[in-house]
Amino acid sequence: MVCIAAFIILSLVGVFVAFLSIFRRDIGRKYWAVFKKAWGCVGKKVRLQKCETNFKDDVKNSLLSKIVLKHPQWVKPLGTAIEVSAVLIVFITIWSLVESIKALLAIWVFGTCNVSQPASCALGAEVCGIDAAEPQNPIEWVGRWFEEWGEIFANIPDRFHAWNAEDYLVEPYTFVEQYQDDKPLAIDIFDPGCVICMQSYRNQKASGFFEEYNVVPMIYTIELPEGGPKFQNSDLIARYVHASNLLDTDYATQIIDRLFTESNSDGINYQTALTNASRDEAEQTLKQWLADFGAKKTEIENIAKTAASDEVTEIIARVRTMVEGTIHAKGIPTLIYNGKKHNGLYQPE
């Protein structure tokens, strides 16, 4: 183990030695000699052969040469410490490589390097993560680690098949703009309370994405691992949108557009205002919106009643199954268009 640990350390410090050797060639020659010994020893170990250079003793002797003269009683415990440190260095290096490979595969498959906590990955796309519950003990942590590997490998085929938006629609649905036969279909999956979803919607609207595609907004509420919506009143907004679609009105897209693009009389954008409001206040705001859009009192009452119905609850369940079980989204927003699944914030090309 000592020779492998030494090879790892020498490999890491090699770049600094290379720079120093420009000014001190003797340092470069000494380093290269030691590095060749380490490499030769590692090569032997890989082939399950014994090191001929006795490199481990050379390393120990060089590290303990000064100590043995002043404190000979320390030699044995320090020698043991060197062996233990070597094992730790090798273990940490192997673990780091495995975790790096796992993170790269997760980014490639899901758009995030952290499968269970997607939003915590700084390297992935900007998303509101669909987080899993934190492990409560080491056994659960180990189980989660292997589950994440399983999810990665199970979803690798998603990178190679064509994503046809028609295959992922959940009825009833509507379009952001009026449907046109000559435009391709796109699906925009979002959570009403997700700030990144709001910015993504604005980017799509400003860039002409809604004019280029027949966009179906698929409203989905992220749930906390312990239950309940991640963003307050997201479930209520989703219910009003689904109820509007179920009753075949045009109010669903108007609700979404006002939520993401307009502000109240205090200058606070409606998404923030509704997220911070009580449920009763949020529902009154939604009813007022319906009135603003031209809905009659009886129609508003019918939408409110339908929003609380088991039928809408079933639609929400079907959307959740589609997003989590079929599309395998790890974060919101998620878009499907041009035969591909796009994770995170929409950025105009």
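Cut-off values and rules
Residues numbered from 1 in each chain as written. Predicted model: local features only at pLDDT ≥ 70, side-chain atom pairs only at ≥ 80, totals over all residues. Heavy atoms only, no water. Pairing = 2+ DSSP bridges. Helix = DSSP H or I, 4+ residues; strand = E, 2+ residues; numbered from the N terminus. Axes fitted to C-alpha atoms, helices over the stretch in contact; angles between N-to-C directions. Disulfide = S-S within 2.5 Å. Buried < 20%, exposed > 50% of the residue type's maximum accessible area, 1.4 Å probe, protein only. Arc of directions from axis to C-beta. Contact = heavy atoms within 4.5 Å. Salt bridge = Lys/Arg side-chain N within 4 Å of Asp/Glu carboxyl O.

S.K.: Would you mind showing me how to read the sheet that holds strand 3 (residues 214–219) here?
M.R.: Strand pairing in a sheet is mediated by backbone hydrogen bonds. Such pairs are either parallel or antiparallel. Spatial strand order, 3-2-5-6: four strands in an open sheet with mixed pairing. Each edge of the open sheet is held by one strand with a lone partner, namely strand 3 and strand 6 (340–343). Each neighbouring strand pair of the sheet contributes to a mean axis angle of 20°, computed without reference to strand direction. Here strand 5 (residues 334–337) runs beside strand 6; their pairing, made up of four bridges, is antiparallel. Opposite Thr-334, over in strand 6, you have Asn-343 as the bridge partner.

S.K.: Is there a simple way to explain the state of the cysteines in this structure?
M.R.: Each disulfide consists of one covalent bond between the sulfur atoms belonging to two cysteines. Scanning the model with the defined rule gives one disulfide in all. Here Cys-128 connects covalently by a disulfide to Cys-194, the sulfurs 2.0 Å from one another. One quick way to see it: the torsion about the S-S bond of Cys-128 and Cys-194 is about 90°, and its sign makes the bridge right-handed. In this pair, Cys-128 sits in strand 1 (residues 128–129) while Cys-194 sits in the loop between strand 2 (185–190) and helix 6 (195–207), placing the two residues 66 residues apart along the sequence. Overall, the relative accessible area of 9% leaves Cys-128 in the buried class. For Cys-194, a relative accessible area of 0% gives the class buried. Of all cysteine sulfurs, the one in Cys-194 lies closest to Cys-197, which takes part in no disulfide; the gap is 3.2 Å.

S.K.: Can you help me understand helix 12 (residues 297–307) in this one?
M.R.: Structural remark: α-helix, 3.6 residues per turn; residues separated by three or four positions point the same way. Those residues of helix 12 that fall on the buried side of the exposure criterion are Ile-300, Ile-303, Ala-304, Thr-306 and Ala-307. Projection of helix 12 onto a plane perpendicular to its axis shows the buried side chains occupying an angular sector of 165°, all on one side. For helix 12, the exposed residues lying more than 90 degrees away from the buried face are Lys-297, Thr-298 and Lys-305. Along its buried surface, helix 12 packs onto helix 8 (234–246), helix 9 (251–261), helix 11 (279–292) and helix 13 (310–326).

S.K.: In this structure, what is going on with the pattern of salt bridges? I would like to understand it.
M.R.: When their charged atoms lie close together, side chains carrying opposite charge are able to pair. One pass over the structure, following the stated rule, counts 10 salt bridges. Across the pair Asp-292 and Arg-258 runs a salt bridge whose closest N-O atoms are separated by 3.0 Å. Here Asp-292 is found in helix 11, whereas its partner Arg-258 is found in helix 9, with 34 residues between them in sequence. A relative accessible area of 13% places Arg-258 in the buried class.

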